[in-house]
Amino acid sequence: MAECGRVDSHTSGHTMDKSITLPPDEIFRNLENAKRFAIDIGGSLTKLAYYSTVQHKVAKVRSFDHTTKEAASDKLYEISVQEEVTARLHFIKFENAYIETCLDFIKDHLVNTDTKVIKATGGGAHKFKELIERKLGLKVDKEDEMTCLIKGCNFVLKNIPHEAFVYAKHADSEFRFQTANPDIFPYLLVNIGSGVSIVKVESEDKFERIGGSSIGGGTFWGLGALLTKTKRFDELLQLASKGQHTSVDMLVKDIYGGSYAYLGLTGDLIASSFGKSATADKEFSKEDMAKSLLHMISNDIGQLACLYAKLHNLSRVYFGGFFIRGHPVTMHTITYSINFFTKGEVQALFLRHEGYLGAIGAFLKGAEEDNPNQYSWGENYAGSSGLMSVSPDMNPMQRARSGTFDMLEMDRLERQLVNLPLLQDPSSYIPDTVDLTEDALAREYWLYCFEEALDGVVKRAIASQPEMPEAAARAEKFRQKYRHKLQTLRQQPFAYGSLTVRSLLDTREHCLNEFNFPDPYSKIKQRENDVALRYYQKAVRSLEELSWEERQFALVRGVLAGNVFDWGAKAVSDVLESDPEFGFEEAKRQLEVRPWLVDSYDQWLERQKGPPHKCALFFVDNSGVDIILGVMPFVRELLSRGTEVVLASNSGPALNDVTNSELQILTERIAAMDPVIQAGLREDRLTLVQSGSSSPCLDLSRLDKVLAMVVRERQTDLVIIEGMGRAIHTNYYAMLSCESLKMAVIKNSWLADRLGGKLFSVVFKYEVPPDKQPSPDCAALTP
Amino acid sequence: MAFNGHQREDDNSIDEDETPSKQLRSNNETPPGHFRNEPNNEAAAPAGRATSDRRTSNSTTRHRHDSMKKTRPPFPWFGMDIGGTLVKLVYFEPKDITAEEEQEEVENLKSIRRYLTSNTAYGKTGIRDVHLELQDLTLCGRTGNLHFIRFPTHDLPAFLQMGRNKHFSSLHTTLCATGGGAYKFESDFRTMADLQLHKLDELDCLIRGVLYIDSVVSSGLSECYYFENPTDPDRCIQKPYTLENPYPLLLVNIGSGVSILAVYSKNNYKRVTGTSLGGGTFLGLCCLLTGCSTFEEALEMASQGESTRVDKLVRDIYGGDYERFGLPGWAVASSFGNMMSKEKRESVSKEDLARATLVTITNNIGSITRMCALNENIERVVFVGNFLRVNTLSMKLLAYAMEYWSKGQLKALFLRHEGYFGAVGALLELLHPS
C-alpha cells in the first residue's frame, strides 16, 4: 500500500483517483509461483497475464482396509485433507498510469520463478519495453497484436459459457447471453481500436484480415477532442450520451419534410451527418456534436461490418476494441446500426472478457509448450471481477471498493470437458431452467435465499474443520467474499453471464474453495453413508419381497424419498439439523401421493414392461440415503433386467453430493454384500464415471470427455437425472436424443409455488423423443 | 427537317420494357441529325433495330411533328432537383423560335429567358455553370441550349419570391421537381408562388438524367471520364471514357448524403445502400473545425493542407508496412487518430484539418462503394453528385482507392455534369412523361 501511495504524489497532475484501494496482493494473486508472463498494453489500459499454480486443500477419501479386523473402525472410510496443486491463469487489467507501481510490486513478490521472457502485445508494448525489461529483468518478446486477439477470442469462446452477449438497451435485462455453441467457427471479429480491423476467423489457426476502416475509436476521440475541447475518451462518451444529434445531423425529414416513403426511409434517419453544421453562424453544443459523431462512427462501422459479413456469408459478428469495451453507449449504437443495416438478420455480439483477449492470446503464445489448448478451463467466479466491474456508470459501489482494477481468473480443469453426445441440439441447449438475469422476481428471491443461507454455510464450514483454530477467521472471510458477490450480482446480475441458481451455487463453491473449505460436508456425508449402508441389505430384501409391479413403484419412491435427504435445501437442512433420526421411512411418508405434480409414471411402467434398455446413464445426486437406499436398488433392478448402468457423479465436492471417489468406495462396499452389484462390476456392466463437474447442478454441455466416450461406446439409450439441482434448476427442459427420466422432489416452497405445487411435490418426467416413440410392431413384442 | 428518327416515339412504350442498352443511349430524345453524325453509334446499334428504324422512317415524319407539337408542353422548360444543400435547376432555352412564335410569346416568358441566359449569377448565391451548358440540343423537336443553374436550398424562399415577382404562375407551366425538397417545400411553392409542383422520385430522375446526358454529349468534351494511372500521382491524367454497354453499373450519388444504386437497365435499378457520411458531412465538419462557411472555401483549404499530420497512418503505429495483413505504411490506420494527442492537436493547421476531413469522407465512400461493388458483382462505378464539383482531389482519391484496393478490378468513372442529373431527369419527365 505504501508503494502505491508514493505514485499518487508523482502523478498528481492527473484528475483520476490513483489510489489502489485493494491491497495489491489481492490483485496480483499467487505471484510466488507465477510464470509465463504476458502483457498487453493498450492506449489507456494494461492487461497483465500470468500462469500460476495454486496450492489448496482438497478432501480425499480413502477406504480402510476392511480385511484386517483391527483396522476396522466404526468409520466407513478415511477422510484426509491434502494439499493439491492446481493451475490457474490470472489476468489483471489496470490503467496505464499504474504500470510502474505494478511492475515494482510484481518484482518484489516474484520469488521462485525461472521465467526469462515476457510476451508483449498491444500498441503500447514498445513504449514500455525498456521499463518492463528494467523493472522485471525479463526480456520483452513482442507478439503480433491481431494474432493474440484472435487466439484470445477463440479461447474465451471455447472455455467460458455465456461469454458472448447481445446488448439491448431498453430490454428488462440489457445483456442477453448467448448459449455456447460448441462450434465457434467461423465468425467475424470487428475490432474497433483507433481504427477498425475486420477479421474473418475460420479455425483455431486460420484467420484473415478481410478489411477495415480508418474511421474508428481514434476518429471519435481525435475529432471529438477537436470539436468539443474535451480530452478524455470517457468524457466524450458521457457528453455524447447527453446530446441530441438531430440538431447537428441533417435527417431525411429535414430534406423531405417527412419520410422518403418510396424507399422506405423514415424521417428520423440521418441523411447527412453534420449536415446542419455547414454554416458559420450557428453554435452547436458539445453534447450534440459528440452524439452526432458517435452516431456517425457507429453507423459507419456497423455498415461496413454488415457489408463484409454479407460478402463472406457470416452471421456471427463479434465487436471488440476500446471503442466498445464496457461502454453501454457504444454497444447500443453499434447494435442499432447492425439491426438497421441487416434488418435484424445479424446480431451484434459482444464479449464479456473482450478487454483481455490480447493478453490471453499473448499468454497462450508464450505457453504453447504447456499446451493450454489441450485443457478445459473454467472461469473462477471467486477470483474474477465480472462484467462492468470498473464501469462507474454501472456500479459506483464497485469502483469505490476496487479502484480501477479488474481481474479474471481461470482454473485449469482436471478433465477436458465436452458435450453429452445425447443432446438433441447442442447449439440450442440451455442448461438453466430460469434465467435470473431476465426474471427479476425470481432473482430477488434467490439472492435473498442465498444470503439467508449464508450463516448456515459459514457455521458448517467452521464445523468441518474443528482441528483448525483459524477456521473461524477464514470462514468469516468467506462470508464477506460471498456476500460481496451477492451484492455485486444484485447490482449487476449479468456480471458472470446469465445469473442462475447454478451460477449462485457455483460461485459459493468457488468462494469456499478460495478460503480452503474444500468439502464442508465431508464428515456429514461420511456419517450418512455409514448409516445408510447398514440399512442397505434390509432395504433390498424388502424390495425383493414385492411383486414386480409393486417393486417398480417402490423403487421409484425410494429414489424420490432418498432425494429428500439433501442438506443443500434449506427446508430439509432445518429438519435434519434438529432431528438426525429423520429416517428413510419418514421421508417416504412426506412424499406427495400420486398423481404427482409432474407424473409420467404410468408411461415409465409401461416402458419397463418392454425390452430392457441397452445402457442407462444415471446422474446421481446426494450421498447417504439417497445414493445407497434410493439409487442403488434402482440400479440393481436395471442390472437385473440386463441394462448396463453408467453412474455419473461429481468429480469434486459440492454440498452433500456424492463424489466419484466416495462412490467408488460405497459401490465396493455394496458389492461386498450384494451379488448383483458385484456381478455388475465384475462383468463391467456397472461403470462409475466422473461428470467433470463440482457443481450441485449439471451442465450437459460441459462433461468429462471420458464420460462422453463411455456413453457413446455403450450405446446409451436412457439418461436418468436425479435431484432438484440437476433435474429442475437445470435440465428441466433439456431435450435428449434418447429416452430420459428426470426425478426430483421439490424441497423449496418458493420453487414449488412457481411450478404450481407445494413443498415435497414430486417431479417424475419420463420423455421419449419423437423419433424414438415405440412403433406398433414394437408394442406387439412386449410380454 | 428530315426527322428520320422520329418514328421512335411510336415504339416508345415497347422501348420502355425491352430496350437493350444501345437503344437506350440513342433514345427518343436524341436529335436525329445528331444521331446520323455518329457513325460509331450507328454501327454499334443492333442490326435488327436499325432495319426497323428505316422501315418506318420518313413516311410518318410530318404527322409525328404535328402530334409532337400538340403533346409538347408550353415553355418554359425547367427541371428542378431540390436537395438537402443545393437546388439544381436545368433550363432549356429554345434557339429556334420563329418570328411568329416570338410575337405570340408573352412578356413574362421572354423576361425569364432573358434573365436566366444573360446572367451567370443570380442574387448572392445563384450560379449558372456556363462551362456545363449544352448547346444546339434538340429536345422534343425544338433546338436550343440547356443551362445548368444552382443555388443553396436555404435560399429557396428568395427563389420563390422571384418566381412570384415574375408572375411565373401565369405561364401555366408544370414545374417538374425532384429531390426531398420537392416534398418538403411543395406547399411553399403553392402558397408563396402559386406554383403546383409535379413531384418525382430522385433516383428515377437521377438515372434517367445520367443515361440521357451520356447519350447526347458525345462531341467535344466527353461526358464520362476516368483517371489513368490513378496509383501514380505523376502520371495520373484524366481520360475520356465511352460508356457503351453501361450495364450493370454502380451509381454513387454523393450529395449531402450518399446513395449507392445498382443499375441493371434503364428501368431496373435498386438502391443498394447509402451513407450519411457525404458532402454535407465534409462541409459540416469543415465549418466546425475551421470556421469556413462555403464548400469552395473548404476545398481551397483542403488543397493546401496535409492530412498525414491529422491522421494516424499504419507506419505511425508499426513503423512501416503491417506486412502480416498487407497494409502499406502510408494507409490511414485511424482518421483523426493523431488528434487524440494534445500536442498534435495544437500543431495542426486549419488546412490540415480540412484536408483530413476531405480524405476521411472520400475514402469512406470509396470503401463502402467497393464493398457494394463486390457484393453486387459489378465492376464499373460511376460517381456523381455535387460533392465532386471542382473536387479533383476527391475524384483522384476515389479513382485511386477503387484501383488499389480492388487490385485493378474496379474502375471509377466520373461525369462532367456531376450534380445535375436529377434535374435533367425531372426535365425529361416534363417532356416525356413516363
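Just so you know, these numbers come straight off a predicted model, no measurement behind them. (Residues numbered from 1 in each chain as written. Chains lettered and ligands numbered in written order. Predicted model: local features only at pLDDT ≥ 70, side-chain atom pairs only at ≥ 80, totals over all residues. Heavy atoms only, no water.)

Visitor: So what's going on with the overall build of chain A? Residues and values would help.
Guide: Counting its regular elements, chain A contains 27 helices and 25 strands. Expressed as a percentage of its 783 residues, the buried residues of chain A come to 60%. In chain A, of all internal contacts separated by at least 6 residues, the share reaching a separation of at least 24 is 73%. Element-wise, carbon and sulfur atoms account for 50% of the exposed surface of chain A, whose accessible area totals about 30800 Å². (Helix = DSSP H or I, 4+ residues; strand = E, 2+ residues; numbered from the N terminus. Buried < 20%, exposed > 50% of the residue type's maximum accessible area, 1.4 Å probe, protein only. Contact = heavy atoms within 4.5 Å. Areas by Shrake-Rupley, 256 points an atom, 1.4 Å probe, with all protein chains shown as cover.)

Visitor: How would you summarise the interface of chain B and chain A if you had to cite specific residues and measurements?
Guide: Counting residues at the interface gives 58 residues for chain B and 51 residues for chain A. Taken over both partners, the interface formed by chain B and chain A buries close to 4300 Å², and the fraction arising from carbon and sulfur atoms is 64%. At the junction of chain B with chain A, the criterion picks out 19 residue pairs in polar contact (both at pLDDT 80 or more). Within the residue set of the side of chain B that touches chain A, elements represented by two or more residues are α10 (180–184), α12 (202–216), β13 (268–275), α13 (279–290), β15 (332–334), α16 (342–347) and α17 (350–376) of chain B. Sort the elements by how many residues they give to the side of chain B that touches chain A and α17 of chain B lands first, with eleven residues. Residues belonging to the side of chain B that touches chain A are distributed by class as follows: 24 nonpolar, 24 polar and ten charged. (Buried area = accessible area lost by both parts, 1.4 Å probe. Polar contact = N/O pair within 3.5 Å; in protein donor to acceptor, adjacent residues only side chain to side chain. Nonpolar A, V, L, I, M, F, W, Y, C, P; charged D, E, K, R; others polar.)

Visitor: Which residues make up the sheet that holds strand β16 (residues 380–384) of chain B, and what are the values?
Guide: The pairing of strands in a sheet comes from backbone hydrogen bonds and takes either a parallel or an antiparallel form. Residues and elements named next belong to chain B. Across the sheet, seven strands lie side by side as β10-β9-β17-β16-β11-β12-β13; this open sheet has mixed pairing. With one partner strand each, in any of the chains shown, β10 (237–240) and β13 form the two edges of the open sheet. This sheet shows a mean twist of 30° between the axes of neighbouring strands, independent of strand direction. As judged from the three bridges shared by strand β9 (residues 224–228) and strand β17 (residues 411–415), these two strands associate in the antiparallel manner. Residue pairing across strands places Cys224 opposite Leu415, the latter belonging to β17. (Pairing = 2+ DSSP bridges. Axes fitted to C-alpha atoms, helices over the stretch in contact; angles between N-to-C directions.)

Visitor: How would you summarise the nonpolar core if you had to cite specific residues and measurements?
Guide: In this structure, Phe220 and Phe319 of chain A together with Phe383 and Phe414 of chain B are the most contacted members of the largest nonpolar core, which totals 101 residues. For this core, the element with the highest residue contribution is helix α9 (residues 286–311) of chain A, accounting for 13 residues. Sequence-distant contacts of Phe220 of chain A, defined by excluding residues within four places in its chain, comprise Ala225, Phe233, Leu236, Leu237, Ala240, Ala290, Leu293, Leu294, Ile297 and Phe323 of chain A. By size, the runner-up hydrophobic cluster in this structure holds 79 residues, among which are Leu265 of chain A together with Leu137, Tyr241 and Val424 of chain B. (Core = buried A, V, L, I, M, F, W, Y, C linked by side-chain atoms within 4.5 Å.)

Visitor: How would you sum up the domain arrangement of chain A? Please name residues and give values.
Guide: When the parts of a complex come together, some accessible area is lost, and that lost area is often taken as the interface size. Residues and elements named next belong to chain A. Looking at chain A, the domain boundaries give domain 1 (31–64 + 74–160 + 359–412), domain 2 (164–248 + 284–351), domain 3 (421–513) and domain 4 (522–769). Centre-to-centre, using C-alpha coordinates, domain 1 lies 40 Å away from domain 4. At the interface, 13 residues of domain 1 touch 14 residues of domain 4. Around 1100 Å² of area is buried between domain 1 and domain 4 when both sides are counted, 59% of it from carbon and sulfur atoms. Put simply, the parts of the chain that give the side of domain 1 that touches domain 4 at least two residues each are β2 (45–63), β3 (77–95), α5 (145–159) and β15 (377–379). Class assignment of the residues belonging to the side of domain 1 that touches domain 4 gives a composition of five nonpolar, three polar and five charged. (Domains from an automatic or database assignment.)

Visitor: So what's going on with the packing of aromatic side chains? Which residues, and what values?
Guide: All names here are of chain A. Enumeration according to the criterion identifies 63 aromatic pairs over all chains in this entry. An angle of 55° between the planes, with centres 6.1 Å apart, marks the rings of Phe155 and Trp377 as tilted. Taken together, the residues Phe155 in helix α5 and Trp377 in strand β15 connect sequence positions 222 residues apart. Take Phe155: its relative accessible area is 0%, and that puts it in the buried class. Ring centres of Trp221 and Phe233 lie 5.5 Å apart, and the angle between their planes is 45°; on these two criteria the pair is classed as tilted. Placement of the pair is Trp221 in helix α6 (residues 217–228) and Phe233 in helix α7 (residues 233–242), with a sequence separation of twelve residues. Residue classification places Trp221 among the buried positions, given a relative accessible area of 18%. (Phe/Tyr/Trp six-rings, centres within 6.5 Å; stacked < 30°, edge-to-face > 60°.)

Visitor: Now, about the confidence of the model for chain A: what can you tell me, with residues and values included?
Guide: Residues and elements named next belong to chain A. The predicted model of chain A averages 87 in pLDDT, with 89% of residues at 70 or higher. Confidence drops under a pLDDT of 50 for residues 1–21, and excluding neighbours within four residues, the segment shows 29 contacts in the predicted structure. Long-range and interchain partners of residues 392–402, a stretch whose pLDDT sits below 50, account for 25 contacts in this model, where long-range means more than four residues apart. (pLDDT = per-residue confidence, 0-100.)

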